Amino acid sequence: MKRDSLLSALRRHAPFDSDEHSHLVRLEGFLEGAPEPFSRQNLALGADGHITGSAALLNATGDAMALIWHEKLSRWLQPGGHCEPETDGTVAATAQRELLEETGLPEDAIALEIPAPFDVDVHYIPARPDGSEPGHYHYDVRFLFKLTEPVEFPEGIRARWVSLDEAIALEDESVARLARKASTR
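What comes next is a walk through the structure. Note on numbering: residues in each chain are counted from 1, in written sequence order. Only residues with pLDDT of at least 70 get local features here, since the model is predicted, and only at 80 or more are side-chain atom pairs given and counted; chain-wide, interface and lining totals rely on the full set of residues. To get the side-chain values, all heavy atoms of the structure are used, and hydrogens and water are removed first.

Remarks on the overall build of the protein chain
- Segments assigned H or I by DSSP are reported as helices when at least four residues long, segments assigned E as strands when at least two residues long, and all are numbered from the N terminus. Scanning the protein chain from N- to C-terminus turns up six helices and eight strands.
- Mapped from its N terminus to its C terminus, the protein chain presents α and β elements in the order α-α-β-β-β-β-α-α-β-β-β-β-α-α.
- Here the radius of gyration uses the C-alpha set of atoms, whereas the globule reference equals 2.2 Å times the residue count to the power 0.38. Relative to its length of 185 residues, the protein chain is compact, with a C-alpha radius of gyration of 16 Å against a globular reference of 16 Å.
- For the protein chain, the spread of C-alpha atoms along the principal axes amounts to about 45 × 40 × 30 Å.

Written out as structure tokens, the structure is:
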């Protein structure tokens with residue numbers, strides 16, 4: 001994963017609103033100064049977080065987005081997670097890998113709509129109760145994906161389709177902003 005490539009893409013990114021603008025400024029500063037920004041090991045090096053990749057997945061008609069149940073945080077969120085710098089190559093690849101893992105959908109049913117970041121967000125992740133990981137920030141770079149054909153989530157996967165209007169009304173401002181952006185694209 002290349003710091004300079006991501007910084008370049010972020011510098012071309014147009015924030016949706018003032019909240020996203022503040023997240024973008026913070027993410028750029030983090031990326032410029034963090035010793036290993038794409039690795040969870042960054043925490044052991046004194047940084048306050050690491051880069052993550054997420055996916056805003058729209059259904060084939062573009063009027064609903066996929067949410068997955070995040071067990072550790074006990075809430076519905078967009079698919080996403082930690083970078084694996086040795087294998088992912090880019091944060092977009094992280095977002096796609098996490099999307100496929102968390103939804104169980106077939107890779108050929110999903111297309112990256114925009115190759116550049118669609119949204120950015122910085123959010124706090126509480127410490128693990130067992131003390132194995134301190135509280136830290138996820139510097140989340142999000143990409144827009146869309147189904148190429150109607151498909152359902154496999155049985156046993158805790159994922160659901162939520163209309164963009166429903167997602168906009170969610171209390172989670174981060175997910176609501178994703179939905180607002182998707183509804184205006």
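Back to the text.
Quick word on helix 2 (residues 18-33)
- One less than the residue count of a helix, multiplied by 1.5 Å, gives the span that helix is expected to have. Taking 1.5 Å per residue as the helical rise, helix 2 with its 16 residues ought to reach 22 Å, and the 23 Å between its terminal C-alpha atoms agrees with that figure.
- The set of residues buried in helix 2 consists of Glu20, His23, Leu24, Leu27, Glu28, Phe30 and Leu31. On an axial view of helix 2, the arc spanned by its buried residues comes to 165 degrees, and they lie on one face. Facing away from the buried side of helix 2, by more than 90 degrees, are the exposed residues Ser18 and Gly33.
- Packed against the buried residues of helix 2 are helix 1 (3-12), strand 1 (49-58), strand 6 (119-125), strand 7 (136-147) and helix 6 (173-184).
- If you check the start of helix 2, you find a side-chain oxygen 3.2 Å away from the backbone N of Asp19, and it comes from Asp17. Here's how the labels work: a residue is buried when its accessible area is under 20% of the maximum for its type, exposed when over 50%, partly exposed in between, all with a 1.4 Å probe on protein chains only. An arc is given here, and it is the one of the directions from the helix axis to the C-beta atoms. Only heavy atoms enter the contact rule, under which two residues are in contact if any of them lie within 4.5 Å. By the criterion applied in these results, polar contacts are pairs of N or O atoms within 3.5 Å in which, for protein atoms, one can donate a hydrogen and the other can accept it, and in which residues neighboring in sequence qualify only through two side-chain atoms.

Looking at unusual backbone geometry
- You will see that Ser74, though not glycine, has its phi angle at about 55 degrees, which is positive.
- On the secondary structure map, Ser74 appears in the loop between strand 2 (64-70) and strand 3 (75-77).
- By relative accessible area, Ser74 is classed as partly exposed at 48%.

Focus: the pairing of strand 7
- Of all 12 residues that make up strand 7, 11 are buried, and the element is covered over most of its length.
- When strand 1 meets strand 7, the two strands line up parallel, connected through 10 bridges. Paired with Gly49 across the strands is Tyr137, a residue of strand 7.
- Pairing between strand 5 (residues 110-112) and strand 7: three bridges, direction antiparallel. The residue of strand 7 that forms the bridge with Leu112 is Phe145.
- Being paired, for any two strands, means DSSP has found at least two bridges between them. With seven bridges joining them, strand 6 and strand 7 adopt antiparallel strand pairing. Each residue of the ladder has a partner; that of His123, found in strand 7, is His138.

Thoughts on the packing of aromatic side chains
- Side-chain rings of Phe, Tyr and Trp, where Trp is taken by its six-membered ring, are said to pair if the distance between their centres is within 6.5 Å; with planes under 30 degrees apart they count as stacked, over 60 as edge-to-face, and otherwise as tilted. Across all of its chains, the model carries five aromatic pairs by this definition.
- Here the aromatic rings of Trp69 and Trp76 are separated by 5.5 Å at their centres, their planes lie at 65 degrees, and the arrangement is edge-to-face.
- A relative accessible area of 23% means that Trp69 is categorised as partly exposed.
- Considering the side-chain rings of Tyr124 and Tyr137, the 5.2 Å spacing of their centres and the 70 degrees angle between planes classify their relative orientation as edge-to-face. On the criterion of sequence distance, the pair formed by Tyr124 in strand 6 and Tyr137 in strand 7 is long-range, its members being 13 residues apart.
- In this structure Tyr137 comes out as partly exposed when scored by relative accessible area, which is 25%.
- Members of the aromatic cluster, joined through ring pairs, are Phe30, Tyr124, Tyr137 and Tyr139.
- When the ring centre of Tyr137 is taken as origin, the NZ or CZ atom of Arg26, which lies over that ring, is 4.1 Å away.
- Across the ring face of Trp76, the terminal group of Arg160 is positioned such that the distance to the ring centre comes to 4.4 Å. Charges are assigned to positions over rings by a cutoff of 6 Å between ring centre and Lys NZ or Arg CZ, combined with an angular limit of 35 degrees from the ring normal.

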